[in-house]
Each structure stands twice: as structure tokens, then as C-alpha cells.
Amino acid sequence: MLKHKVLSIIGVVALIAVMSILPFFVREYYVEILIIFLINVILAVSYRLIATTGDWTLCHVILMGAGAYASALMAKYFGWPFFMTAPLAGATVCLVGLGIVYPLLRTVGFGFFITSLAVGEFIRLSWIKFHIPFGGPRGMIDIPEVGIIGPIDFYEAIPYYFMTLAITLVCLFILYRIDRSRIGKAFKSIYEDDILAESIGINVGRYRTFAFVIGSFFAGIAGALLAHRLGAIDPHIFALDEMVYLLVWVIVGGSATFAGPIIGVAVMTLLFEWTRPLLEWRPLFFGIILIGFLIFMPGGLESLIPKFTRLFGNRKAAQAKAEQPGGAEKSVV
Amino acid sequence: MAMFEVRSLCKNFGGLAAISQLNLEVDEGEIRGVIGPNGAGKTTLFNVICGVYKPTKGKIAYQGKEISGLKSSQIAERGVVRTFQRTALFHHFTVLDNVLVARHLQARGGFFRTIFGTNRRIDIEQEKKALEIIDFMGLSDLKDELADNLPHGHQRALGIAVALASEPKLLMLDEPVTGMDPTETQHMTGLIKKIRDERAMTILLVEHDMKVVMGICDKISVLNFGKKLAEGLPKQILENPDVIEAYLGGEDVVALLG
Ligand SMILES: Nc1ncnc2c1ncn2[C@@H]1O[C@H](COP(=O)(O)OP(=O)(O)OP(=O)(O)O)[C@@H](O)[C@H]1O
Ligand SMILES: [Mg+2]
């Protein structure tokens, strides 16, 4: 067990090291891709946190959008700096999450999935409808840059990348701690058997709310990072096809373990870039991948890890991996 | 005054009166048997008491306070916890995690302290307590096993361990020895007695195994078609002609007990 822990720590440190030198070895275009990759990691991991309770939503990208709009509005109209607007965007999206979770809680499983779509589209329509302050269908432009802080100009790709990397690591650390804590266990127990969980004193409604609101916060942070990099946002960026990509990441990677969605975003980002020449075929291609995974590997790529570990004779670690509930198969299909 | 009291309780499912005009009084420290033929309304009674269903009519009072209308989790918080007739477990958790998650009510601490692990002392305390309960239920050797992989008898024991971990004062057991062989049954019967004696709990026991019921219950209530048919000491129940007629189809109860 201890050996397993040491290996994990070494792995994480190595990964951070690679992520820290990578931008110096690639073209600027790929640094931009890496920034978006990190933002998507926050999005996918926070999405999985909500899914550990068994609640699969279709509005997580909308919540990221709410964070993007909130941060952009605060920066543009109040002139507040990014390091203020980003956490405030997270807090705003918490409130949005609290507002929409109430009707959502009255549903479970597939009902929850569909209701969250309706609620999300309602929010997106309000961005399109209200020219003031959201800018209507064209959205918002001239969102202030993060700007120059001390000697560093965050307009440049590499500084922005490192800022995003640092924020991502902090977010992942907090999300990981939640996942491993008593609270994270309570989330998973609801997915396992909500009636049993409630009967031993876990307030299922409160914990589902809690998971949803925490997930909303991090979606909001991801949105703020996105808005200030793109400089312009519009309702289309947060449309349903983005949400489908998010589902693909989480299902391809697997939702049972913390690492699953990260693996999913990484693999799919690579595929996405490789298939850039085949632009019009991409939806078909991704559809096939999604169906293929749901049918042949419902646990996602992460479900391969225990198999590898077993190959090396480390049965204990494999069991520990298998301990987590696998979300994808049951709720989405 | 009785510790636990049910007054003119009714529960209808559409046209079906699963429970009608039921009165029940249970004293502190008692093991109360609740028996009756299949479909008599025993599990429904547990579900209504625990807030899974709202009663159609009637009152449920625990320690003099009304609990009907509360959520299951609130009722558990007050000290009323049940086990399930089906084998309800967190199947993909280890045995230890099953019990730990049920320590939830006792393990509270602020959000940030919980997440950033400054609550180590509470964690260690909870784990110790969980291990003690696992040991009490005879599952020590299996603590790292997935609940799903346990043999049936041990799964039933784990179900009770999970309930115990939430530290109830009134524990309701729904057919705890179902599907167990005679040795396991005997062992479990002993454990139920021990729970009352050593852990100071009051127990409501639903069970079809008459030997178990007659062996450990202080008093027995008999349900039939949602109504109370009889109530009394085990000996009185065994001799009650209504019970023999309704519950056992007229067979000789004493012979059945072997
Ligand atoms: N959710 C429900 N909806 C409709 N009818 C129900 C529901 N739950 C129970 N019933 C009915 O209520 C009656 C009592 O059922 P209950 O499960 O309480 O019986 P029981 O005494 O526990 O039986 P057993 O010994 O078989 O467990 C039965 O007729 C059953 O079909
Ligand atoms: Mg029953």
C-alpha cells in the first residue's frame, strides 16, 4: 500500500515536471491548445465530482459559461483584476448552481439528465435574449486581458499557460481532497444506494446539492480562465455540442477514479488535434468512439489500469482501484 | 411513558390498506418481535417509521417527540435506524468503508478541516470505532474485502454493522437471519441479544424464523393484513388460537419449533 502511494506521488511529480517544460518545446499554437486542455481538465474533473453522486448533468458547460460571463462582466464594467474576478466568478456560479439545483433535485437518473439540459438551455437563451449586459447572440468582445503583473505579461501564451497550470493544480488538489474525504465517500454512497445512505443519516438532498454547488464553483473558475484567454465569448461556445465533448472525455477516460476524466481529456485532445484535417468527419468519428466505449469499455480507459497493475503482480493496488463505483454504465446509458 | 409509540397508524397504497389502525408501544431496552405472514405489512411499518413513506394517518413518537414527516436522515439523527429485508449495502465499497461512511453522523467537522485533513484525530477515532463494530459483528478478517464479494451470511452481518455504526438507540432489524444456515442463525441470534445487552439498544425485530423470535423477544406483536392480531409474551403468542389460525394456517406451533 505504501509502495503504491510512493509510486503515485512520483508519477504526479513527474507529470507536473513534464507539464512545466512542455510549453518550451512546442510552437505557440500548441501552448494555446495546452491552456485549453488545462481548462478542460478542471471542467471534466469537477463534472465527475457531481457524477460521483449518480447525478449526470447536461448543464456543466453552461455553468462554465456563466463563470465566463460573470468574470468578463466584472472585468469589463467594474475594471476589477482577474485575480478578483476569477474567484468571484466561481462564487457567482455557486449561486447560479444553488438556484437551479432545487428543481433538479426533484428528479433522479435520466430525469435529472434531461431536466438539467432544459435548465441549461434556459440560461443560454437568456444570454442570447438580453443584449444588455450579455451582448446577445454575438456575445461579449474586448474582455480585458489579465494584463501585466510585475515583470510578467500574461498576454503572452507561456505566462498565461503557467498561471493556468498553477490554478489547475490548486483546483485539482482541492477536488482530490474532497473526493478522498468523508464527504466524497458520502457522495459515492448516494450513488451506491441512496435509500441506505439516507437511512444511516446522510441527508441525500443536501449532499447532492453540495456536490452540484462545488462542481459549479470549479466550472466557474474554468469559465473565467477561458473568457480572459479568448478575449471574446458568445453563447455558441457553450452550446450542447461542447457538452457532448465533455461527456465523451469523461466516458472515454472513465468516471470511477479521479484520474479517469484527466486521461479522457488528454487522449481526446490528442485525437482532436490529429483529426483536424478531417474536420467535417469529426462528429461522426467522435460518435463512434463514444458508442464504442459505452459498449466495449464502459469503465473507460482507466479500467485498463488495474489490468496493467495486475500484470505486474500488484493485486492490492488493483483492488483499491476497483473499489470506486463506476458511474458511466449505469446512469448515462 | 414508552420510549417508542405508534398511534392509530394507517398506510394505504391506492386501495390497499397495508397498515390500518396500528398501535404499538415499545419500552426502552426491550427486544420486540414483529411477526406476521407474508404481506402482513411488517416491512411497510419499518418504511413508515423511518420516513421512507409518509403515513396516511396516525402518529409516530420517539422519546415523546413526533417523528412522522421527518426525512430518514433526520430520523436516523435522532437515533432510529433500520436494516433492510433486501441485502442493502454499498456494494462497491470495502467492508471498512461501508462502516466508515455510516459513522457520518458522528464524524462531523467543518468542511475545510474535513477536506484538508486537519481532522486527522477525528479520522483515526472514527476508524477505530468502525473497526470495533466490524470486530463485534465478526468481520475483522474481511475488512478490506469488497462488500459485493462477501458470502451472503457476512453481507447480512455487514448490513447490521452499517446500521450499528450510525449509533442508533432504536434499531429495527428486518429479517436479519434470512438465508442463513442454522449455525449462522444461532450466531446471529446471540449477536442481536448482545447488541441489546452490551450496546444498550432497543430492538424491533421482524423475523419469520420462529425459533429466533421466541428465543430472544421479550414481547411479540403479531400483524395480519396490516392490523394487530395479538400481542404478548412469546408463550402467550404461541398459545393464542387466532395466531395459530392466521399465521400458521392452524399447524401446531410447538411442533413447528421442534
Ligand atoms: N410501495 C408499495 N406500493 C404498493 N404496495 C405495496 C408497496 N409496498 C408494499 N406494498 C404492499 O403492502 C403489503 C404489505 O407489504 P410488506 O412488504 O410490508 O409485507 P411484509 O409483512 O414485510 O411481508 P414479508 O414477510 O413478505 O416481507 C403487501 O400487500 C405489499 O404488496
Ligand atoms: Mg417484509
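Residues numbered from 1 in each chain as written. Chains lettered and ligands numbered in written order. Predicted model: local features only at pLDDT ≥ 70, side-chain atom pairs only at ≥ 80, totals over all residues. Heavy atoms only, no water.

Engineer: I keep staring at the overall build of chain B and nothing clicks. Help me out?
Structural biologist: A tally of helices and strands in chain B yields eleven helices and ten strands. For chain B, the C-alpha radius of gyration of 19 Å lies close to 18 Å, the compact-globule estimate for 258 residues. Relative to its 258 residues, chain B shows a buried fraction of 53%. For chain B, the exposed area adds up to about 11,400 Å²; of that, 51% sits on carbon and sulfur atoms. (Helix = DSSP H or I, 4+ residues; strand = E, 2+ residues; numbered from the N terminus. Rg over C-alpha atoms; globule rule 2.2 N^0.38 Å. Buried < 20%, exposed > 50% of the residue type's maximum accessible area, 1.4 Å probe, protein only. Areas by Shrake-Rupley, 256 points an atom, 1.4 Å probe, with all protein chains shown as cover.)

Engineer: Where do I start with the sheet that holds strand β3 (residues 31-35) of chain B in this structure?
Structural biologist: Consider a sheet: its strands pair through backbone hydrogen bonds, and that pairing is either parallel or antiparallel. All names here are of chain B. The strand order β6-β7-β8-β3-β9-β10 describes an open sheet built from six strands, whose pairing is mixed. Each end of this open sheet is capped by a strand with a single partner; those strands are β6 (80-82) and β10 (227-232). Strand-to-strand twist across the sheet, computed as the mean angle between neighbouring axes with direction ignored, equals 20 degrees. Bridging between β3 and strand β8 (residues 202-206) involves four bridges; their strand directions are parallel. When the sheet's bridge partners are listed, Val-34 is paired in β8 with Val-206. Its contacts with the sheet put helix α1 (residues 42-49) on β3, β6, β7 (170-174), β8 and β9 (219-224), and the angle it makes with β7 is roughly 145 degrees. Docked against the sheet, helix α6 (residues 152-165) engages β6 and β7, running at close to 160 degrees with respect to β7. (Pairing = 2+ DSSP bridges. Axes fitted to C-alpha atoms, helices over the stretch in contact; angles between N-to-C directions. Contact = heavy atoms within 4.5 Å.)

Engineer: Quick question: what am I supposed to make of empty space enclosed by the protein here?
Structural biologist: Unfilled space is identified by rolling a water-sized probe across the atoms. Residues and elements named next belong to chain B. Applying the stated criterion across every chain yields a total of five cavities of 30 Å³ or more. Each pocket or cavity is described by its volume, and for the largest cavity that value is around 130 Å³. As for the largest cavity, its lining consists of 16 residues, of which Thr-83, Phe-84, Arg-156, Gly-159 and Ile-160 are closest to the centre. Counting residues per element, the lining of the largest cavity draws most heavily on α6, which supplies six residues. When its residues are assigned to classes, the lining of the largest cavity shows nine nonpolar, four polar and three charged. (1 Å grid on protein atoms, 1.4 Å probe; cavity = no way out; pocket = protein on both sides within 12 Å on 5 of 7 lines; lining within 4 Å. Points joined across faces, edges and corners; volume = space filled by probe spheres on them. Nonpolar A, V, L, I, M, F, W, Y, C, P; charged D, E, K, R; others polar.)

Engineer: What is the right way to read the state of the cysteines from this model?
Structural biologist: A covalent bond between the sulfur atoms of two cysteines is what we call a disulfide. All names here are of chain B. Under the counting rule described, the total for this entry stands at zero disulfides over all chains. Just so you know, Cys-10 is unpaired, no disulfide at all, and the nearest cysteine sulfur is the one on Cys-50, 19 Å from it. With a relative accessible area of 9%, Cys-10 lands in the buried category. With no disulfide of its own, Cys-217 has Cys-50 as its nearest cysteine by sulfur position, at a separation of 18 Å. (Disulfide = S-S within 2.5 Å.)

Engineer: What am I meant to see in the pattern of salt bridges here?
Structural biologist: Pairing between side chains of opposite charge can happen when their charged atoms approach one another. Residue and element names in this part refer to chain A. Per the counting criterion, the structure on display carries 20 salt bridges over all chains. Salt-bridge contacts for Arg-208 lead to Asp-55; the nearest nitrogen and oxygen are separated by 2.8 Å. Linking Arg-208 in helix α10 (residues 204-230) with Asp-55 in the loop between α2 (28-51) and α3 (60-78), this pair joins segments that are 153 residues apart in sequence. Owing to a relative accessible area of 8%, Arg-208 belongs among the buried residues under this scheme. (Salt bridge = Lys/Arg side-chain N within 4 Å of Asp/Glu carboxyl O.)

Engineer: Explanation requested: the interface of chain B and chain A in the structure shown.
Structural biologist: Counting residues at the interface gives 31 residues for chain B and 28 residues for chain A. At the boundary of chain B with chain A, total buried surface from both sides reaches about 2,700 Å², with 65% on carbon and sulfur atoms. Of all residues in chain B, the largest losses of buried area upon contact with chain A belong to Phe-90, His-104 and Ile-115 of chain B, amounting jointly to 21% of the total for that side. The tally of links between chain B and chain A comes to two salt bridges. Joining chain B to chain A, the criterion identifies seven residue pairs in polar contact (both at pLDDT 80 or more). Counting only elements with at least two residues in the side of chain B that touches chain A, the list comes to α2 (72-78), β6, α3 (95-101), α4 (111-115) and α6 of chain B. A class-by-class count of the residues in the side of chain B that touches chain A yields 17 nonpolar, nine polar and five charged. (Buried area = accessible area lost by both parts, 1.4 Å probe. Polar contact = N/O pair within 3.5 Å; in protein donor to acceptor, adjacent residues only side chain to side chain.)

Engineer: Explain the site of ligand 1 here, please?
Structural biologist: Residue and element names in this part refer to chain B. Close contacts around ligand 1 come from 14 residues, with Asn-38, Lys-42, Thr-43, Thr-44 and His-208 the closest. Gly-41 is positioned with one of its backbone polar atoms (N or O) 2.9 Å from an oxygen atom of ligand 1. Within the side chain of Thr-43, a nitrogen or oxygen atom sits 2.7 Å from an oxygen atom of ligand 1. Contact with the protein chains hides 65% of the accessible area of ligand 1, taken as 630 Å² for the molecule alone. Taken together, the elements giving at least two residues each to the shell around ligand 1 come down to β2 (16-26) and α1. A breakdown of the residues in the shell around ligand 1 according to their chemical character gives five nonpolar, seven polar and two charged. (Near = heavy atom within 4 Å.)

Engineer: Would you take a moment to explain the pairing of strand β1 (residues 4-13) of chain B for this structure?
Structural biologist: All names here are of chain B. Two strands pair when backbone bridges link them, and β1 and β2 are joined in this way by seven bridges, in the antiparallel orientation. For Asn-12, the partnering residue across the bridge sits in β2 and is Ala-17. Two successive antiparallel strands, β1 and β2, enclose a turn made up of two residues, where Gly-14 displays a positive phi of approximately 60 degrees. Of the pairings in the sheet, the one linking β1 to strand β4 (residues 57-62) comprises five bridges and is antiparallel in character.

Engineer: Is there a simple way to think about the packing of α2 of chain A against α3 of chain A in this case?
Structural biologist: The packing of two helices is summarised by the inter-axis angle and the distance between the axes. Residue and element names in this part refer to chain A. The interhelical angle for the contact between α2 and α3, taken along N-to-C directions, is 125 degrees, at an axis separation of 10 Å. Here α2 lies oblique to α3, going by the angle between them. Both α2 and α3 take part in a crossing whose hand is right-handed. Contacts from Ile-39, Leu-43, Ser-46, Tyr-47 and Ile-50 of α2 reach α3 at His-60, Val-61 and Met-64. Residue composition of the contact of α2 with α3, by class: six nonpolar, two polar and no charged. (Parallel < 35°, antiparallel > 145°, perpendicular 65-115°, else oblique. Left-handed = near helix turned anticlockwise from the far one by under 90°.)

Engineer: Help me understand the coordination of the magnesium ion (ligand 2) in this model?
Structural biologist: A metal bound by six donors in octahedral fashion has ideal angles of 90 or 180 degrees, whereas one bound by four tetrahedral donors has an ideal angle of 109.5 degrees. Only Thr-43 of chain B (OG1) and Gln-85 of chain B (OE1) from the protein reach the magnesium ion (ligand 2) as donors, at distances of 1.9 to 2.1 Å. Of this pair, Thr-43 of chain B sits in helix α1 while Gln-85 of chain B sits in the loop between β6 and α3; the two residues are 42 residues apart in sequence, bridging distant segments of the chain. (Donors = N, O, S within 2.8 Å, 3.2 Å for Na, K, Ca; no water.)

Engineer: Before we go on, may I ask you to explain the sheet that holds strand β5 (residues 65-66) of chain B in this structure?
Structural biologist: In spatial order, the strands read β2-β1-β4-β5 (chain B); together these four strands make up an open sheet with antiparallel pairing. Two strands in the sheet have a free side with no partner beyond their single neighbour: β2 and β5 of chain B.

Engineer: What am I meant to see in the side chain of Thr-164 of chain A here?
Structural biologist: Among the structural elements, Thr-164 of chain A can be located in helix α7 (residues 157-180). Discounting residues that sit within four places of it in the chain, Thr-164 of chain A has contacts with Ile-35, Leu-38, Ile-39 and Leu-225 of chain A.

Engineer: Looking at this structure, I do not really get the layout of surface pockets. What am I missing?
Structural biologist: All names here are of chain A. Taken as a whole, the second largest pocket holds about 630 Å³ of empty space. Going through the elements one at a time, α2, α3, α10, α11 (240-253) and α12 (259-274) are the ones with two or more residues in the lining of the second largest pocket. When residues of the lining of the second largest pocket are assigned to their parent elements, the largest contribution, seven residues, is made by α2. Each residue belonging to the lining of the second largest pocket can be placed in one class, and the counts come to 14 nonpolar, three polar and five charged.

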